[in-house]
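One-letter residues, chain by chain:
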Amino acid sequence: MTDPDHSKEARFYLAGFGLALTLTLVPFALVHWALMEGRALAITIAVLAVAQIVVHLRFFLHIDLSRQKREDLQLILFTVLLLAIMAIGTLWIMGNLATRM
Amino acid sequence: MSTSNLHPGLNLGDHHGEAHEGAETIVFGFWIFLMSDLVIFGLVFASYLTVANPMGMAGGPGPEDAFDLASIFAQTMILLTSSLTFGFATLAMRHERGRAAIARWLGVSLLLGLVFLSLELRDFAHMIEAGAVPQHSGYWSAFWGLVPLHGLHVAVGCLWLMVMLAQMATLGLIPVVKTRLLRLGLFWHFLDLIWVAIFSIVYLGGLMP
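Only a predicted model underlies this, so the values are computations on that prediction, with no experimental measurement involved.

A short note on the UniProt feature "transmembrane region" (unreviewed entry) in chain B
Residue and element names in this part refer to chain B.
Here's step 1: Per the UniProt record, the feature "transmembrane region" (unreviewed entry) sits at residues 26-49, 69-89, 101-119, 152-174 and 186-206.
Here's step 2: Between the first and last C-alpha atoms of residues 26-49 the distance is 35 Å; the span itself is 100% helix and 0% strand.
Here's step 3: Between the C-alpha atoms that bound residues 69-89 the distance is 30 Å, and the span itself is 100% helix and 0% strand.

Written as structure tokens, this is what we have:
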């Protein structure tokens, strides 16, 4: 149990867990105690969610910016680009139709 | 093949030999599957968002009539903890702590996954009681298309976990079992990532003051 690599990597997972936990507790507290409202709350929840997703990618899925043979990061970014075109396009068109109705 | 410049992230380590080298392409291939799954989830989220408004609810029950924030919070904590325990299972495998140590962490993750599913099913039963059924409105159709899709993934993950526990017991820690466990780990962490989007958009977004 005294393997230095093991405890270093375990601490890495625990650090990710701690960050993710904080980024979860804050938005739940904001909604539960109604500490914010309206657009400001929506933007805060969105920013915290994106931050938590980055934490999960970094600490649990081990995606980082290092030069690597396995081009996970490019794959993820390209997928997100395609998804953004399709999802934002959907919301744009449907929102436009709703206002014209 | 040189192993010194392999991906630094979720890997087994040089001392795993064949399984470590095989992990390179196998894990990347699994990432491609995960990203296609992400596109499916993303578009289901987009269709959910187009009906998450009073028009989409068609005068029927809204989120505040059907969601229970305390239960969602419990599910979030359980899924997050299961991600950590699965991480410890991966570490036990990387550092050759033996089958018992890996099985113990996998068992804890499986248990947490099953508790998550039972809480989610209880929530779904309450929603049905509140009249929040898919045929009621576009909003509830989209909800039932999105959240149970994630639940189905978690159920498949639990099944996969049981299969891997059985394979570890019968086949031992052979290279193919190790790389399957790596892929299951990616799947498990990925589902937790999708859940972040679900609780932020669907539940917190729906119950926002």
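Some remarks on the UniProt feature "domain: Heme-copper oxidase subunit III family profile" (unreviewed entry) in chain B
Here's step 1: Annotation from UniProt places "domain: Heme-copper oxidase subunit III family profile" (unreviewed entry) at residues 26-207 of chain B.
Here's step 2: Helix makes up 87% of residues 26-207 of chain B and strand 0%, with an end-to-end C-alpha separation of 41 Å.

As for helix 6 (residues 138-171) of chain B
Here's step 1: With 34 residues, helix 6 of chain B should cover 50 Å at 1.5 Å per step; its first-to-last C-alpha distance of 48 Å lies within 8% of that length.
Here's step 2: Once helix 6 of chain B finishes, B:Gly172 follows within two positions and takes phi at roughly 80°, a positive value.

Here we look at the UniProt feature "transmembrane region" (unreviewed entry) in chain A
Here's step 1: UniProt records the feature "transmembrane region" (unreviewed entry) for residues 12-35, 41-61 and 73-94 of chain A in the present numbering.
Here's step 2: The distance from the first to the last C-alpha atom of residues 73-94 of chain A is 31 Å, and the span holds 100% helix and 0% strand.

Overview of unusual backbone geometry
Here's step 1: With a phi angle near 50°, A:Ala34 is a residue other than glycine that sits in the positive phi range.
Here's step 2: Considering the arrangement of structural elements, one finds A:Ala34 in the loop between helix 1 (4-32) and helix 2 (38-60).
Here's step 3: For A:Ala34, a count of 11 C-beta atoms within 10 Å puts it in the exposed group.
Here's step 4: Its identity as a non-glycine residue notwithstanding, B:Glu96 has a phi of 50°, on the positive side.

As for the nonpolar core
Across soluble globular proteins, you tend to see nonpolar side chains buried next to one another.
Here's step 1: Within the largest apolar cluster, 73 residues are counted, with the highest numbers of intra-cluster contacts made by B:Tyr48, B:Ala89, B:Phe143 and B:Leu186.
Here's step 2: The set of elements that each furnish at least two residues to this core consists of helix 1 and helix 2 of chain A together with helix 1 (18-51), helix 4 (69-94), helix 5 (99-129), helix 6 and helix 7 (175-207) of chain B.
Here's step 3: Apart from residues no more than four positions distant in its own chain, B:Tyr48 is found in contact with B:Ala142, B:Phe143, B:Leu146 and B:Val202.

Some details on helix 1 of chain A
Residues spaced three or four apart along an α-helix face the same direction, because each turn holds 3.6 residues.
Here's step 1: Here helix 1 of chain A is 29 residues long and its end C-alpha atoms lie 41 Å apart, about the 42 Å a rise of 1.5 Å per residue gives.
Here's step 2: Tucked inside the fold, the buried residues of helix 1 of chain A contact helix 2 of chain A together with helix 4 and helix 7 of chain B.
Here's step 3: One or two residues past the end of helix 1 of chain A sits A:Ala34, with phi positive at roughly 50°.

A short note on the packing of helix 2 of chain A against helix 7 of chain B
Here's step 1: Relative orientation of the contacting elements helix 2 of chain A and helix 7 of chain B amounts to 175°, with a least axis distance of 10 Å. It follows that helix 2 of chain A is roughly antiparallel to helix 7 of chain B by the angle criterion. Residues A:Ile45, A:Ala49, A:Gln52, A:Ile53, A:His56 and A:Phe60 of helix 2 of chain A lie in contact with helix 7 of chain B, whose contacting residues are B:His189, B:Asp192, B:Leu193, B:Val196, B:Ala197, B:Ser200, B:Leu204 and B:Gly205.
Here's step 2: Looking at the contact of helix 2 of chain A with helix 7 of chain B residue by residue, the classes come out as 8 nonpolar, 5 polar and 1 charged.

Side note on the interface of chain B and chain A
Here's step 1: If you look at the interface, chain B gives 44 residues, while chain A gives 44 residues.
Here's step 2: Among the elements that make up the side of chain B that touches chain A, the one with the highest residue count is helix 1 of chain B (15 residues).

Focus: the domain arrangement of chain A
Here's step 1: Looking at the assigned domains, one finds that chain A contains domain 1 (1-62) and domain 2 (67-101).
Here's step 2: Look at where the C-alpha atoms of domain 1 of chain A and domain 2 of chain A centre, and you get two points 23 Å apart.

A look at the packing of helix 4 of chain B against helix 7 of chain B
For any two helices packed against each other, the geometry comes down to the angle between their axes and how far apart the axes lie.
Residues and elements named next belong to chain B.
Here's step 1: The geometry of helix 4 relative to helix 7 is characterised by a closest axis approach of 10 Å and an angle of 160° between their N-to-C directions. With respect to their mutual orientation, helix 4 and helix 7 come out roughly antiparallel. Here helix 4 runs over helix 7; the crossing is left-handed. Contacts from Leu69, Ile72, Thr76, Leu79, Leu80, Ser83, Phe86, Thr90 and Met93 in helix 4 reach Lys178, Leu181, Gly185, Trp188, His189, Asp192, Trp195, Phe199, Tyr203 and Leu207 in helix 7.
Here's step 2: Split by residue class, the contact of helix 4 with helix 7 holds 12 nonpolar, 5 polar and 2 charged.

Rules used throughout
Residues numbered from 1 in each chain as written. Chains lettered and ligands numbered in written order. Predicted model: local features only at pLDDT ≥ 70, side-chain atom pairs only at ≥ 80, totals over all residues. UniProt positions renumbered as here; feature names shortened; annotations may be inferred. Helix = DSSP H or I, 4+ residues; strand = E, 2+ residues; numbered from the N terminus. Expected span 1.5 Å × (residues − 1). Buried ≥ 20, exposed ≤ 12 C-beta atoms within 10 Å, placed from the backbone. Core = buried A, V, L, I, M, F, W, Y, C linked by C-beta atoms within 7 Å. Contact = placed C-beta atoms within 7 Å. Axes fitted to C-alpha atoms, helices over the stretch in contact; angles between N-to-C directions. Parallel < 35°, antiparallel > 145°, perpendicular 65-115°, else oblique. Nonpolar A, V, L, I, M, F, W, Y, C, P; charged D, E, K, R; others polar. Domains from an automatic or database assignment. Left-handed = near helix turned anticlockwise from the far one by under 90°.

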